[in-house]
Amino acid sequence: GIRFTTLLYTIKFELLVAMVAPQRLMDYLSDDFFDGLSKEEIEQLNSELCDDLLPASDRVKYHIDKEGQATIDKAALNKWMEEAAIASQIGRDYIPYTKETRGKVYVRPEEKKEKTVYDTEFEKLLAEAEGAGGEDITDGDIDALAEILGAHSLLGSVDVSSCSRPGRESGLKVPLQHDAQKILDVDEMDEVNDTDVDAALLLMESDDASLTHCCFNNIPLGQEKAEAIVSAMLSNTHVTTLDMSNCFLTDDIIEGCINMLISNSTLESLSIETNRITGAHLRKLVESLEFNETLKELRIANQYYTTGVGDEMAISKALGVNKTLLKFSLNWKNGGARNAADRHIMRNNDISRQKRQGQL
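Below: a short report on this structure. (Residues numbered from 1 in each chain as written. Predicted model: local features only at pLDDT ≥ 70, side-chain atom pairs only at ≥ 80, totals over all residues. Heavy atoms only, no water.)

The next point concerns the nonpolar core. Residues Phe-216, Leu-242, Met-244, Leu-298 and Phe-328 are the most contacted members of the largest nonpolar core, which totals 46 residues. For this core, the secondary-structure elements that each account for two or more residues are helix H8 (197-205), helix H9 (223-232), helix H10 (254-263), helix H11 (279-287), helix H12 (309-319) and helix H13 (335-356). Looking at this core element by element, the count peaks at five residues for H10. Excluding its chain neighbours within four sequence positions, the residues that come into contact with Met-244 are Phe-216, Asn-217, Leu-221, Ile-229, Val-230, Leu-249, Ser-271, Ile-272, Glu-273 and Asn-275. (Core = buried A, V, L, I, M, F, W, Y, C linked by side-chain atoms within 4.5 Å. Buried < 20%, exposed > 50% of the residue type's maximum accessible area, 1.4 Å probe, protein only. Helix = DSSP H or I, 4+ residues; strand = E, 2+ residues; numbered from the N terminus. Contact = heavy atoms within 4.5 Å.)

Structure below.
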């Protein structure tokens, strides 16, 4: 007992030393080191010095040395289990499952939709259209109704100007008052512009150097006068600012404005706010800025027609192509398009600042 205990602690000490000097343990454990130990002492020593790397069956202290006493007939055992299960009375009184509803059945309440002014007007106009000539309602009639009610924003990027107009093919009548917005007449305006349109147009056509700012705001320009103004700007080299806000301009003037922006290399500011231009034509106007490198300010906000989400996304994308526009105004409805447009305008202002400071 004492000798074995001393030997055990000695080996443990040598194992600790072997972590630093492995060769010392090899020299210490000679061939006759375990001479004189009985089989029981060797097994006890093995259990005390068990290695963690050994499998669990070898590390466990309890071992069974008994050999098998009998053999098992697996086929006979399975057969007996099947016969016992069939003869058993357990589960004979179970009730089979049947699907049934317990309690009160849930009934989804009907959603009550409140009628708006648009719904009421829409139903009246539909009834009027059905009684006009007894013909079926076309897509043009629906587009016209949407424009009348100010709900053309639901059409997305559809060009409502190309649809049939009330009072023409559709047989519908335009209501006396629009609920969407109200554009002031000339008599209702607080500030009336007294600019002589004909005289200013002559100066523009003659490319007079004294005329650098043309302001036609609050003047109800006809289609002929508006087209004459933008045509004169094609070859003008002195006018830098052109204001045509609240001039009752329509989509028909946009084609001339596009040609003006492409051809004119002097104009720096253009304002056509508070007119009757649809979102699809505003998009075409902004897309033409790809071919313009002089315009610094463009104002197209407060139009009679609401701009669709698809048009706003296209306008925002078109602003990313232009690198000179520094100011831009539009009544945005889509937050993502507005944020992207703001980033494009900030980028252009940074480029302009770097050019002024000589960094570019």
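The next subject is unusual backbone geometry. Located in the positive-phi region is Asn-218, a residue other than glycine, with phi close to 65 degrees. Mapped onto the fold, Asn-218 is located in the loop between strand S1 (213-215) and H9. According to the relative accessible area criterion, Asn-218 is partly exposed, its value standing at 22%. Residues other than glycine seldom take positive phi values, yet Phe-248 does so here, at roughly 60 degrees. Mapped onto the elements, Phe-248 comes out in the loop between strand S2 (241-243) and H10. Judged by its relative accessible area of 26%, Phe-248 is partly exposed.

Bringing the pattern of salt bridges into the picture now. Taken as a whole and judged by the stated rule, the model has five salt bridges. In this structure, Lys-225 engages Asp-198 in a salt bridge whose closest nitrogen and oxygen atoms are separated by 2.0 Å. With Lys-225 in helix H9 and Asp-198 in helix H8, the pair connects residues that are 27 residues apart, well separated along the chain. Residue Asp-198 is classed as partly exposed on the basis of its relative accessible area of 43%. Salt-bridge contacts for Asp-311 lead to Arg-283; the nearest nitrogen and oxygen are separated by 3.2 Å. (Salt bridge = Lys/Arg side-chain N within 4 Å of Asp/Glu carboxyl O.)

As for its placement among the helices and strands, Ser-329 is situated in strand S5 (residues 327-329). With residues near it in sequence (within four places) discarded, Ser-329 still touches Glu-273, Leu-298, Arg-299, Ile-300 and Ala-301.

Residue position: His-213 is located in strand S1. Residues His-213 and Leu-267, spaced 54 residues apart in sequence, show a C-alpha to C-alpha distance of 9.7 Å. Residues in contact with His-213, not counting those within four places in the same chain, are Thr-241 and Asp-243.

This brings us to the packing of aromatic side chains. All told, the structure shown has two aromatic pairs when counted by the stated rule. A ring pair is formed by Tyr-304 and Tyr-305, whose centres lie 5.2 Å apart and whose planes are at 80 degrees; its orientation type is edge-to-face. Residues Tyr-304 and Tyr-305 agree in their burial class; the two are buried. Note on Phe-328 and Trp-332: the rings are 6.1 Å apart at their centroids and 50 degrees apart in plane angle, and the pair reads as tilted. Since its relative accessible area comes to 18%, Phe-328 is described here as buried. A cation over a ring is seen here: Arg-276 above Tyr-304, with NZ or CZ 4.9 Å from the ring centre. (Phe/Tyr/Trp six-rings, centres within 6.5 Å; stacked < 30°, edge-to-face > 60°. Lys NZ or Arg CZ within 6 Å of the ring centre and 35° of its normal.)

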